[in-house]
Amino acid sequence: MGTSEKPRRITMTPAARRALAAAERLFYERGIHAVGVDLIAAEAGVTKKTLYDRFGSKEQIVVEYLADRDERWRAFLAPYLDAARPSPAAGVLAVFDASRAWSARHSAKGCSMVNAHAEISDPAHPAYAIIAAQKQWMLALFTDLVRAAAPDAGRLGRALMLLHEGALVAYGLGIFPDPIGQARDEAQTLLTAAGVGP
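In this report, we go over the structure that sits alongside the text. (Residues numbered from 1 in each chain as written. Predicted model: local features only at pLDDT ≥ 70, side-chain atom pairs only at ≥ 80, totals over all residues. Heavy atoms only, no water.)

In the structure shown here, the tally under the stated rule is 13 salt bridges. Put simply, Glu29 and Arg25 hold a salt bridge, and the shortest N to O gap is 3.8 Å. A residue pair is termed a helical-turn pair when its members lie 3 or 4 positions apart in one helix, as Glu29 and Arg25 do in helix α1 (residues 14-30) at 4 residues. Judged by relative accessible area, which is 34%, Arg25 ranks as partly exposed. Between Lys48 and Asp38 there is a salt bridge, with the nearest N and O atoms lying 3.2 Å from each other. (Salt bridge = Lys/Arg side-chain N within 4 Å of Asp/Glu carboxyl O. Helix = DSSP H or I, 4+ residues; strand = E, 2+ residues; numbered from the N terminus. Buried < 20%, exposed > 50% of the residue type's maximum accessible area, 1.4 Å probe, protein only.)

Now for the packing of helix α4 (residues 58-84) against helix α5 (residues 88-106). Where α4 meets α5, the axes come as close as 9 Å, and the angle between the chain directions of the two elements is 135°. As judged from the angle between their axes, α4 and α5 are oblique. Here the hand of the crossing between α4 and α5 comes out right-handed. On the side of α4, the interface is formed by Arg69, Arg72, Trp73, Phe76, Leu77, Tyr80, Leu81 and Ala84, while α5 contributes Ala90, Gly91, Ala94, Val95, Asp97, Ala98, Ser99, Ala101, Trp102, Arg105 and His106. Partitioned by chemical class, the residues of the contact of α4 with α5 number 12 nonpolar, 3 polar and 4 charged. (Axes fitted to C-alpha atoms, helices over the stretch in contact; angles between N-to-C directions. Parallel < 35°, antiparallel > 145°, perpendicular 65-115°, else oblique. Left-handed = near helix turned anticlockwise from the far one by under 90°. Contact = heavy atoms within 4.5 Å. Nonpolar A, V, L, I, M, F, W, Y, C, P; charged D, E, K, R; others polar.)

Shown next as structure tokens:
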């Protein structure tokens, strides 16, 4: 499957939602490869047969986990972006503010997409397309936010994304305090240097 193709998704039943909630917690805390279907079933209070009936495979559970996480992140970010409109600089900084809040609530171990990519680097894996598409979306978001205000929006968008992604990794590693806040300050410096004002 190429990264431009959308992976197959399933219709969620209550049992599937319980299983997905258990899988999300376990995958994020322990890693995708370390968690088996037996453990997900036990944690969700469903049978292994129910899991396979609903999802078909562990790969599909991973797809649903990452797709759900991405959808929730985009929904979480939307009001931050709405509040910042129409200012390009405020929009960029809102992404960092949202990431800081999201990480404090949902991502103590860093970005779930980056963590998943450390385990799933094969483009043929159905979850790979979700990981790549999420990061492509973030790059497009930063670029679009500065497009009208920066002469080289592509270059600035890439620089902002590098700051953002580096901050997420540093947050997960816990090497120094508030890397997302520091990245936000650096983003402000970049925006000012590029003439992107409020």
